[in-house]
Amino acid sequence: MTTLGDSFHVYDTTLRDGAQGEGITYSVSDKLAVARLLDGLGVGFIEGGWPGALPKDTEFFARAARGDLTLKNAQLVAFGSTRKAGVKVQDDKQVRALLDSGAPVVTLVAKSDRRHIERALRTDVAENCAMVRDTVRFLVAEGRRVFLDAEHFFDGFAFDSDTSLRTLESAVEGGADVVVLCDTNGGQLPLGLAETVADVVARTGFRVGIHCQDDTSCAVANTIAAVQAGATHVQCTANGYGERAGNADLFAVVGNLVTKLGLDVLPRESLAELTRVSHALAEIANIAPDSHQAYVGSSAFAHKAGLHASAIKVDPELYNHIDPGAVGNDMRVLVTEMAGRASLELKGREFGIDLTRRPDTLTTVVRKVKELEAGGWSFEAADASLELLLKDELSELDAPPFTLESYRVVLDHTQDGSIVSEATVKVHVAGERVIATAEGNGPVHALDAALRKALLPHLSWLDSVQLNDYKVRILTDQHGTDAVTRVLVESTDGEREWTTVGVHGNIVEASWLALCDALVHKATRVGE
Ligand SMILES: CC(=O)SCCNC(=O)CCNC(=O)[C@H](O)C(C)(C)COP(=O)(O)OP(=O)(O)OC[C@H]1O[C@@H](n2cnc3c(N)ncnc32)[C@H](O)[C@@H]1OP(=O)(O)O
Ligand SMILES: CC(=O)C(=O)O
């Protein structure tokens, strides 16, 4: 259980509301993997889906019941709606499916806005209350713990508070433990939402939860405001996945509750797992992690401005709102045209180079970076090229592992329409002059292949080096000069990854520069 035990619920709905997000389709195996990660984090409740409505969700609960999912911290929750209007609860197939799921907890969604009751459900307030009361009572009598998601609560309360409160009362009369006020269309702002939460808590004394969609980009702020106004159950999704603009991001909500409000809503050791779990869940959802995501994004503690770095050099706390390590993240300093000497000095520490007593080097390299970036270079994502620039300035670079005499690339467009590139390189390596030719499906591929062919017999480490990623950007209007091409090459040797950059008016030459830097960088690490 969470440290605060049952007095505060972290309730995750990634597998239900998160799965309502455009672009997300979980398989049953994915759902099991998501549930395991969330359980490992220590959330109190995992809403697994809507059994009876989606065959995959029915299957998920069946597999969980068969032992494919063993939860150590969380309780599994089945989600579904109240009985239909005019139908006896024991005859309602969807309510039956909730029971059959075997989940110990059921969350029922119910209308709490009179306009929805009359126009969408085509019934009246009395019957809606009966639907809520009957369904909750039925499930409680069957030994289930029941929470009520009061849909469109805030709009409904503003329109006709009596109807909205009667919905909540019906749930509690039936035996519901928590009534969850839902900002279903996500249109609320924090102050107004908090006022309503406080009003409901004061008027009813019920245990209140909060569920916020993100349509005003305030889902996290609204959730935190609701807690400050008395809510003790927060519904969230991993990385804010969810219907339309999404839901309240679990990682930001938990990060705020723990580090800002001092609420131990997760086991203490879980906080440092937030970044890892967020990225693992993004992987399963097949969505690239959002680098700018609060707390867990790779840019969340990345400092680019020189003035920031100069204060961070004195004390990182001056520019970080928390210790990044507390949530499993890292601080990074970016060296770009916005850098000052402090930025480079801090970056040097990351490279293991002490620049404290090298003011001239700092000044020179910062100037070079600014000049190069004005011409289209970018070192932000190319630490390896920056390190080479710095080492070159410090005269710490050994002779390069090879030198180029010349290269030539030709492109054959044959009569049958196939296109083959062929490259020849002439290099000097280990005291020999080597000429090698290779083909590739593009000029850069051919050049890389020819260079490898030439160097491989002489550089034993080269075999382990692979190209991971290759990104090209055409930069136009560089201070009125001609367009230039910027190439970023990410390489790996199976243990480390590093990125290098090349810029030139010609894409092949830009690629060559980045490729060469990648190998020179690797050579500086060989034998370390
Ligand atoms: C706010 C939220 O995000 S709640 C979660 C919403 N999630 C989903 O809708 C995903 C899963 N949904 C589904 O698979 C389908 O919509 C089903 C199986 C639930 C229902 O499908 P269908 O029977 O074809 O109905 P349909 O989706 O067209 O309409 C919903 C029906 O439920 C009724 N309904 C809506 N809310 C409620 C409620 N809280 N209580 C009882 N009935 C409700 C509607 O009045 C409508 O009834 P009708 O068919 O008699 O007009
Ligand atoms: C229950 C839910 O998902 C909502 O009201 O938005």
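- As recorded in an unreviewed UniProt entry, the chain goes by Citramalate synthase and comes from Saccharothrix espanaensis.
- In the Pathway (unreviewed entry) part of its UniProt record, the chain is described as follows: "Amino-acid biosynthesis; L-isoleucine biosynthesis; 2-oxobutanoate from pyruvate: step 1/3."
- Of the comments in the UniProt record for the chain, the one headed Catalytic activity (unreviewed entry) reads "pyruvate + acetyl-CoA + H2O = (3R)-citramalate + CoA + H(+)".

## So, helix 1 (residues 28-41)
- Its 14 residues give helix 1 an end-to-end C-alpha distance of 20 Å, which sits within 8% of 20 Å, the value for a rise of 1.5 Å per residue.
- Residues of helix 1 that are buried sit in contact with strand 1 (9-12), strand 2 (45-49), helix 2 (55-68) and helix 11 (274-285).

## What to know about the site of ligand 2
- In the region of ligand 2, the neighbouring residues are D17, V109, D149, E151, C182, T184, H211 and Q213.
- Residues belonging to the shell around ligand 2 are distributed by class as follows: two nonpolar, three polar and three charged.

## Digging into the environment of V508
- Note on placement: V508 falls in helix 17 (residues 507-525).
- V508 gets classed as buried once you count the C-beta atoms within 10 Å, which come to 20.
- On a C-alpha basis, the gap between V508 and D249 in space is 43 Å, while along the polypeptide they are 259 residues apart.
- In this view, V508 contacts V409, P443, V444 and L447; residues no more than four positions away in its chain are not counted.

## Notes on the site of ligand 1
- Near ligand 1 lie 14 residues; those nearest to it are A53, S81, T82, V109 and L121.
- The biggest single contributor to the shell around ligand 1 is strand 4 (residues 105-111), with three residues.
- Tallied by class, the residues present in the shell around ligand 1 amount to seven nonpolar, three polar and four charged.

## Some words on the sheet that holds strand 14 (residues 466-475)
- Taken together, the three strands give an open sheet; going across it, the order is 14-15-16, and neighbouring strands pair in antiparallel fashion. Looking along the sheet, the strands with just one partner apiece sit at the ends: strand 14 and strand 16 (497-504). Strand-to-strand, the axes of this sheet are offset by a mean angle of 15 degrees, without reference to chain direction.
- One ladder, built from nine bridges, connects strand 14 with strand 15 (residues 484-492); its direction is antiparallel. Paired with Q466 across the two strands is T492, which belongs to strand 15.

## Observations regarding the packing of helix 9 (residues 219-228) against helix 10 (residues 250-259)
- Where helix 9 contacts helix 10, the two axes come as close as 9 Å, and the packing angle between them is 40 degrees. Regarding the angle of helix 9 to helix 10, the classification is oblique. The element helix 9 and its partner helix 10 pack so that their crossing is right-handed. For the pair formed by helix 9 and helix 10, the contact residues are V220, T223, I224 and V227 on the first element and A252, V253, N256 and L257 on the second.

Thresholds, definitions, all that
- Residues numbered from 1 in each chain as written.
- Chains lettered and ligands numbered in written order.
- Predicted model: local features only at pLDDT ≥ 70, side-chain atom pairs only at ≥ 80, totals over all residues.
- UniProt positions renumbered as here; feature names shortened; annotations may be inferred.
- Helix = DSSP H or I, 4+ residues; strand = E, 2+ residues; numbered from the N terminus.
- Expected span 1.5 Å × (residues − 1).
- Contact = placed C-beta atoms within 7 Å.
- Near = placed C-beta within 6 Å.
- Nonpolar A, V, L, I, M, F, W, Y, C, P; charged D, E, K, R; others polar.
- Buried ≥ 20, exposed ≤ 12 C-beta atoms within 10 Å, placed from the backbone.
- Pairing = 2+ DSSP bridges.
- Axes fitted to C-alpha atoms, helices over the stretch in contact; angles between N-to-C directions.
- Parallel < 35°, antiparallel > 145°, perpendicular 65-115°, else oblique.
- Left-handed = near helix turned anticlockwise from the far one by under 90°.

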